[in-house]
Amino acid sequence: MVIGNETKPKIGQSYVEAVRARFGNSILDETWQAPDQVTLTVSLNCLPDVVEMLYYEQGGWLASVAVNDERPLNGQFAIYYILSVEGNGDEAPPAEKAYVVVHAQIPPHQPEFPAVTPKVPAAIWYEREARDMFGLQPIGLPDQRRLVLPDDWPDNLYPLRKDAMDYRFRPEPTTENETYDFIQVEGEGIVQVPLGPLHITSDEPGHFRLYVDGEHIVDADYRLFYVHRGMEKLAESRMSYDQVTFLADRICGICGYAHNVAYSTSVERALGIEVPERAQFIRTILLEVERLHSHLLNLGLACHFVGFDTGFMQFFRVREKAMKMAELLTGSRKTYGVNLIGGVRRDILKEQRLTTLKLLGELRQEVTTLVNMLLETPHIVQRTQNIGLLEAQVARDYSPVGPTLRGSGFARDIRVIHPYCAYDRVPWTVIAKEGCDVLSRTLIRAEEFFESVSMVERCLDAMPDGPVLTEGFTYKPFQFALGYVEAPRGEDIHWSMLGDNQKIYRWKCRASSYNNWPSLRYMLRGNTISDAPLIVASIDPCYSCTERVTVIDVRKKKATIVPYKEMERYCIERKDSPLK
Amino acid sequence: MLKLIREVLRVGEATISYPSKPVEVMPGFRGKPHHDPERCIACAACAIACPPNALTITTDLDQGVRTWSLFVGRCIYCGRCEEVCPTGAITLSQDFELAVADKQDLYDHADYKLAACRICGTYFAPVKEIEYVDALLQQSGLSDDYAANVRALLEICPACKRKNDVRKMVGLYQEKD
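### So, the overall build of chain B
Helices and strands together make up the secondary structure of chain B, namely six helices and six strands. Across chain B, helices and strands are ordered from the amino to the carboxyl terminus as α-β-α-β-β-α-β-β-β-α-α-α. Scaling as 2.2 N^0.38, a compact globule of 177 residues should have a C-alpha radius of gyration of about 16 Å, whereas chain B reaches 26 Å, well beyond that. For chain B, the spread of C-alpha atoms along the principal axes amounts to about 105 × 40 × 25 Å.

Shown next, in the form of structure tokens:
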């Protein structure tokens, strides 16, 4: 089955040929969703080998894994490993860049599949989630703990199975206690420091446990998903496919529009809808406006955590201009809600354009002053250089995204690798740094801010006239495709399959922080606990406000609960350790 | 340090003393939806488009009443209702100050009379919706005879229309025989 675009040259054919050369008969099917998106159906037993080959030999990065209950369609469960395959960087001419999706079917009478994690560590969270949500056992996965479902959720109830439950139903809790099995770190003098359940600097609760020897972090473990909202189930059950754009806006309070565009483009690609040029430019402009306010927020927090609160206030004052810009262009400071399937609902008029250009000029000038001030603060380099190291090899193994990855020497940005919207029509530069530390990640955000300002200016200048919305397309059942956006924190990937009832059959959305969390453990190791909030903030997670922190002393075998405010104070002042 | 102090002094006060002074929103801001019950024809297009089900329509066939209601507590201010409304009865206002002491104040509703079918007497559609269609027909430039025929159908419920059609078809076949 080949869908549309037969005439356009296929990008990624060489990877398909390489896989066929090695695995030949195990490749059961090949379908193209877009000129640079191919889905290969492989037999279940060679799934890990195919993914490993694409990941390590062909320069693949694990973008997402979508699981789908396709029993009503063909009697099988399906699992899709979505890889962005980009070559190893030493090819001449440069390797082609494509999304290669490795798909395998899992029979319902034997709901298990060979785990990919032992070969490609980046799959760890996805496979734990597949077990939680669909009851598919990854055979050979070392971590047997739940990821998404709470401890009090009944066994054998897998919420995303089509026959499992009504989306409004919440089963009775099965236990009163927290039964999550945090990793055990044994050793002379190690202390556990639990941070959370309400965690560090954020909007979402998470339970962190730091294992410390004196002041030094030996290891870290964390449990998140305390506020899982069941959005995928809600979208599949109640909403029509064109309403889901508004739900996607609400996935994140900071980068909601990125999710919105990722969802819309996934559906547009699946249905073969051409979005008008002008709408592509408007989307690009709004995505960059969103990056402006998000990066300013993180820079403000960076000031706060090194004890430079005046800087924090100043960054937030200036950020208000970016918020006003969004309000002017979309009618709302957040949750822009301007996307429809097929384009956008609001055009940018001359007056709005002029006001935006004026605001951009002011932003560039004021932020330049503030960033210089931040870098001249004596503490900043001392507190952030060589702190929270994310080694290049760990980054390669875990597929982190966004400034977290680019801070470890990989100049990888979806806007360049898989250009969408109008990113290939205006000139700009990808920012990457070699330091692997908190400082690199912060500097990347500062430099990207100025790139975004220029990009909005160039888009406003270059945008063509014309319609902003394509209407009158046909809804085709059971088509699927990927949508992707480089959000401020990294790529957001949406995999959508349409149903046959004006709904979405399956919507797998993966936010950027999901790929960044698993590598955080390695960034925390070897640092002191006073740096922990700084390191967590440096991945700019979709994070929640920590109220308290648990510290476990390995030497004294003693757990101490430290109020989060106290941890934060210690991070800022670095005296009077709460552990003494 | 000096630079910082200079910057702080240059900027001065960045906040305003809200709520004693009002906050201006940008033109085109999407705030609390405003409903004009005079213009509304209770067609339910808004309720179908509304992503969070903040707008709902309930129909009481015994009393012959259709109720349009909005619960602002669920509203996401997307403005889809404004876009799909055929009569411009809903517009998003600039009002963002939505705190209330009583939850009931977040509800807004309007009742519309339903028309009864000329044949069977069952309630089937809002009177105002029928009037709206009638007005459209008058402006559509159809011949008077044809428009009169179509307008006669406006007062009949879908079930009776179907029955009539079947009767007509059967009649046609009988004539043939």
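Back to the write-up after that little detour.
### Looking at the packing of helix α1 (residues 13–23) of chain A against helix α2 (residues 47–57) of chain A
Residues and elements named next belong to chain A. Following both chains from N to C, one finds α1 and α2 inclined at 135 degrees, their axes separated by 11 Å at the closest point. It follows that α1 is oblique to α2 by the angle criterion. When you trace α1 past α2, the crossing you get is right-handed. For the pair α1 and α2, the contacting residues are Tyr15, Val19, Arg22 and Phe23 in the first and Val50, Met53 and Leu54 in the second. Tallied by class, residues from the contact of α1 with α2 come to six nonpolar, no polar and one charged.

### Some thoughts on helix α8 (residues 277–305) of chain A
Residue and element names in this part refer to chain A. Taking 1.5 Å as the rise per residue, α8 with 29 residues should run 42 Å; its terminal C-alpha atoms sit 42 Å apart, in good agreement. The buried fraction of α8 is high, at 27 of 29 residues. Gly307 sits one or two residues past α8 and shows a positive phi near 85 degrees.

### Considerations on the interface of chain B and chain A
Between chain B and chain A, the residue contacts involve 15 residues of the former and 16 residues of the latter. Across the side of chain B that touches chain A, the residue classes tally to eleven nonpolar, one polar and three charged.

### Quick look at the sheet that holds strand β4 (residues 76–85) of chain A
Residue and element names in this part refer to chain A. The five strands lie next to each other as β1-β2-β5-β4-β3, forming an open sheet whose pairing is mixed. The open sheet has two free edges, formed respectively by β1 (27–34) and β3 (60–70), since each of these has just one partner strand. In this sheet, neighbouring strand axes are inclined to one another by 20 degrees on average, regardless of whether the strands run parallel or antiparallel. In this sheet, strand β2 (residues 37–42) lies alongside β1 in antiparallel orientation, the contact comprising six bridges. Within β2, the residue paired with Ile27 across the bridge is Val42.

### Some details on the confidence of the model for chain A
Across chain A, the average pLDDT comes to 88, with 92% of residues at or above 70. Overall, residues 543–550 of chain A carries pLDDT values under 50, and its contacts beyond four positions in sequence, including any with other chains, amount to 47 contacts.

### Quick word on α2(A)
Residues and elements named next belong to chain A. If you check which residues of α2 are buried, you get Leu47, Pro48, Val50, Val51, Leu54 and Tyr55. Mapping the buried residues of α2 onto a view down its axis gives an arc of 165 degrees, with all of them on the same face. Tucked inside the fold, the buried residues of α2 contact α1, β2, β3, β4, β5 (98–106) and β6 (112–114). Positioned one or two residues after α2, Gly59 has a phi angle of 75 degrees, which is positive.

### Focus: the confidence of the model for chain B
For chain B, mean pLDDT is 91; residues scoring 70 or higher make up 99% of the total. Within chain B, the element-level pLDDT minimum falls on helix α5 (residues 144–154) of chain B, averaging 83, and the maximum on strand β3 (residues 65–71) of chain B, averaging 96.

### Some words on the nonpolar core
For soluble globular proteins, the rule of thumb is that nonpolar side chains tend to be buried together. Counting 166 residues, the largest nonpolar core has Ile79(A), Ile82(A), Leu83(A), Val100(A) and Val102(A) as its most contacted members. With 14 residues, α8(A) is the largest single contributor of residues to this core. Those residues in contact with Ile79(A) that lie beyond four places of it in its chain are Val65(A), Val67(A), Ala104(A), Ile106(A), Phe113(A) and Ala130(A). The next biggest cluster of nonpolar side chains, apart from the first, holds 16 residues, and it includes Cys40(B), Cys46(B), Ala54(B) and Ile90(B).

About the thresholds
- Residues numbered from 1 in each chain as written.
- Chains lettered and ligands numbered in written order.
- Predicted model: local features only at pLDDT ≥ 70, side-chain atom pairs only at ≥ 80, totals over all residues.
- Helix = DSSP H or I, 4+ residues; strand = E, 2+ residues; numbered from the N terminus.
- Rg over C-alpha atoms; globule rule 2.2 N^0.38 Å.
- Axes fitted to C-alpha atoms, helices over the stretch in contact; angles between N-to-C directions.
- Parallel < 35°, antiparallel > 145°, perpendicular 65-115°, else oblique.
- Left-handed = near helix turned anticlockwise from the far one by under 90°.
- Contact = placed C-beta atoms within 7 Å.
- Nonpolar A, V, L, I, M, F, W, Y, C, P; charged D, E, K, R; others polar.
- Expected span 1.5 Å × (residues − 1).
- Buried ≥ 20, exposed ≤ 12 C-beta atoms within 10 Å, placed from the backbone.
- Pairing = 2+ DSSP bridges.
- pLDDT = per-residue confidence, 0-100.
- Arc of directions from axis to C-beta.
- Core = buried A, V, L, I, M, F, W, Y, C linked by C-beta atoms within 7 Å.

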